[in-house]
Amino acid sequence: MWVLDLDLDFFLDECCPLAGMGERPDKRFAAPWDGAAVVSFLENGLSLSKAHPIVGRVTETHDGALAFWKDCMDEGRLTRPFSVVHVDAHADLGIGKPGPGFVLNNVLGIPPAERDDFSRYYAQKQLDEANYLLFALAFRWIDALALVRDPFSRPDLPTFCVKNGEGYRPIRLESFVSKLFETRYGQEPEIPLTVYNDPSEVSIREPFVCMNLAHSPRYAPKEADALIPLISQYMTLV
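Here is what the cut-offs are and how they apply
Every chain begins its residue count from 1, and numbering advances along the sequence as written. Under the rules for a predicted model, residues below a pLDDT of 70 receive no local features and side-chain atom pairs below 80 are neither given nor counted, while totals for whole chains, interfaces and linings still include all residues. Derived side-chain values reflect all non-hydrogen atoms in the structure, with water molecules and hydrogen atoms excluded from consideration. By the criteria applied, helices consist of DSSP H or I runs no shorter than four residues and strands consist of E runs no shorter than two, each listed in order from the N terminus. Only protein chains enter the calculation, and the probe is 1.4 Å; a residue is then buried if its accessible area is under 20% of its type maximum, exposed if over 50%, and partly exposed in between. Any two residues whose heavy atoms approach within 4.5 Å at even a single point are treated as in contact. Under the convention used here, a 1.4 Å probe and the Shrake-Rupley method define accessible areas, while residue burial counts only the protein chains that appear. The term nonpolar core refers to a set of buried residues drawn from Ala, Val, Leu, Ile, Met, Phe, Trp, Tyr and Cys, joined through side-chain atoms within 4.5 Å. In the cavity and pocket records, a cavity denotes points on a 1 Å grid over the protein atoms alone where a 1.4 Å probe fits but cannot get out, a pocket denotes an open set with protein on both sides within 12 Å along at least 5 of 7 lines, and lining residues are residues with an atom within 4 Å of a point. Grid points are joined across faces, edges and corners, and a volume is the space filled by probe spheres set on the points. Each residue gets one label: Ala, Val, Leu, Ile, Met, Phe, Trp, Tyr, Cys and Pro are nonpolar, Asp, Glu, Lys and Arg are charged, and the others, such as Gly, are polar. Here, a strand pair is defined by DSSP locating no fewer than two bridges between the strands. To get an axis, a line is fitted to the C-alpha atoms, and for a helix only the part in contact is used. The angle between two axes follows their N-to-C directions and goes from 0 to 180 degrees. In this description, a disulfide is simply a cysteine sulfur pair whose atoms lie within 2.5 Å.

For the rest of this paragraph, the subject is the overall build of the chain. Scanning the chain from N- to C-terminus turns up eight helices and seven strands. The C-alpha extent of the chain, read off along each of the three principal axes, is 55 × 35 × 35 Å. Across the 238 residues of the chain, 53% fall into the buried class. Contacts in the chain between residues far apart in sequence, at least 24 positions, make up 79% of those at least 6 positions apart. As displayed, the chain has an accessible area near 10,700 Å², and 52% of this comes from carbon and sulfur atoms.

Glancing now at the nonpolar core. Ranked by size, the top nonpolar core spans 42 residues in total, and within it Trp69, Trp141 and Ile142 carry the most contacts. Those elements that place two or more of their residues in this core are helix 2 (64–74), strand 3 (82–87), helix 3 (101–105), helix 5 (132–138), strand 4 (142–148) and strand 5 (193–196). Grouped together as the second largest cluster of nonpolar side chains are 34 residues, Leu4, Phe11, Val38 and Leu46 included.

Our focus in this paragraph is the layout of surface pockets. For the largest pocket, the calculated volume is near 280 Å³. Considering the residues around the largest pocket, the lining is formed by 20 residues, among which His90, Ile95, Ala130, Asp156 and Tyr219 are closest to the centre. Considered class by class, the residues forming the lining of the largest pocket number nine nonpolar, four polar and seven charged. In this structure, the second largest pocket occupies an estimated 180 Å³ of space. Contributing to the lining of the second largest pocket are Met21, Glu60, Thr61, Asp128, Glu129, Ala130, Ser216, Pro217, Arg218 and Tyr219. Looking at the lining of the second largest pocket residue by residue, the class counts come to four nonpolar, two polar and four charged.

On the basis of which strands lie adjacent, the open sheet formed by seven strands has the order 5-4-3-1-6-2-7 and parallel pairing. With partners counted over all chains shown, the strands left at the sheet margins are strand 5 and strand 7 (235–237), one partner each. In this sheet, adjacent strand axes meet at a mean angle of 25° when their direction is disregarded. Pairing geometry for strand 1 (residues 2–7) and strand 3, over five bridges, is parallel. In the sheet register, valine 3 faces strand 3, and the bridge partner there is valine 84. Where helix 2 meets the sheet, it contacts strand 1, strand 2 (54–59), strand 3, strand 4 and strand 6 (208–214), and its direction lies at approximately 150° from that of strand 2.

One pass over the structure, following the stated rule, counts zero disulfides. Cysteine 16 supplies the cysteine sulfur nearest to cysteine 15, a cysteine that is in no disulfide, at a spacing of 7.2 Å.

Here we take up helix 1 (residues 35–45). Within the span of helix 1, buried status applies to Val38, Val39, Phe41, Leu42 and Gly45. Taken together, the buried residues of helix 1 touch strand 1, strand 3, strand 4 and helix 8 (227–232). Phi turns positive one or two residues past the end of helix 1, at serine 47, with a value near 65°.

Note that the residue after arginine 80, namely proline 81, is joined by a cis bond; omega there is -5°. With respect to the helices, strands and loops of the structure, proline 81 is situated in the loop between helix 2 and strand 3. Positioned with a positive phi, aspartate 92 is a non-glycine residue whose angle comes to about 60°. Summarising the element assignment, aspartate 92 is placed in the loop between strand 3 and helix 3. Its relative accessible area of 7% is what places aspartate 92 among the buried residues.

Encoded structure:
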């Protein structure tokens with residue numbers, strides 16, 4: 001099963017600096033794509049069709065994907081583990097604060113069946129829109145990951161994704177804690193990773209079970225908001 005995970009900040013001509021809380025970046029930092037370019041990417045690169053919309057949701061921040069995916073699993077639309085195509089100017093795998101340390105050294109020490117109570121991680125102020133995808137990997141929700149990035153995306157992939165400084169390798173989350181509990185919980189799964197650094201190279205033909213779009217207002221100017229209803233035409237919103 002494949003899930004499409006979109007962020008509005010992908011559809012900009014540059015990577016915006018992060019705006020303050022409650023603020024938006026100025027469009028002089030990055031302008032949104034033309035609507036026709038967005039449609040071309042969605043239909044030709046991702047094989048979406050307005051005639052066959054996919055169950056989907058628009059969330060304020062990208063970590064809202066976790067609640068959406070959980071709802072889809074609870075409703076029987078989605079079965080774990082599933083594969084994710086993450087279309088975003090950022091990897092959202094924990095580079096920067098609070099970093100990957102909490103996931104590697106705390107979450108991996110929890111029995112796998114109990115890890116995905118993500119309300120506790122919000123309460124601990126460890127889960128946010130920049131690392132939610134790392135949490136999903138630690139939950140063992142994901143069995144394959146494709147990152148679709150822009151040529152201007154920052155080098156924000158963690159070292160566990162990068163092979164010898166260049167190229168990419170399958171992801172296996174590991175730490176002293178995971179090794180300590182390996183006999184009890186089993187080895188953390190290896191997750192195949194595909195990285196696209198140029199949207200023109202994307203040609204995904206796998207049918208998506210569901211899709212979500214993050215507004216991410218601190219990462220995109222207000223002028224990009226006009227793309228939300230356009231992209232939503234490819235979804236049956238739930």
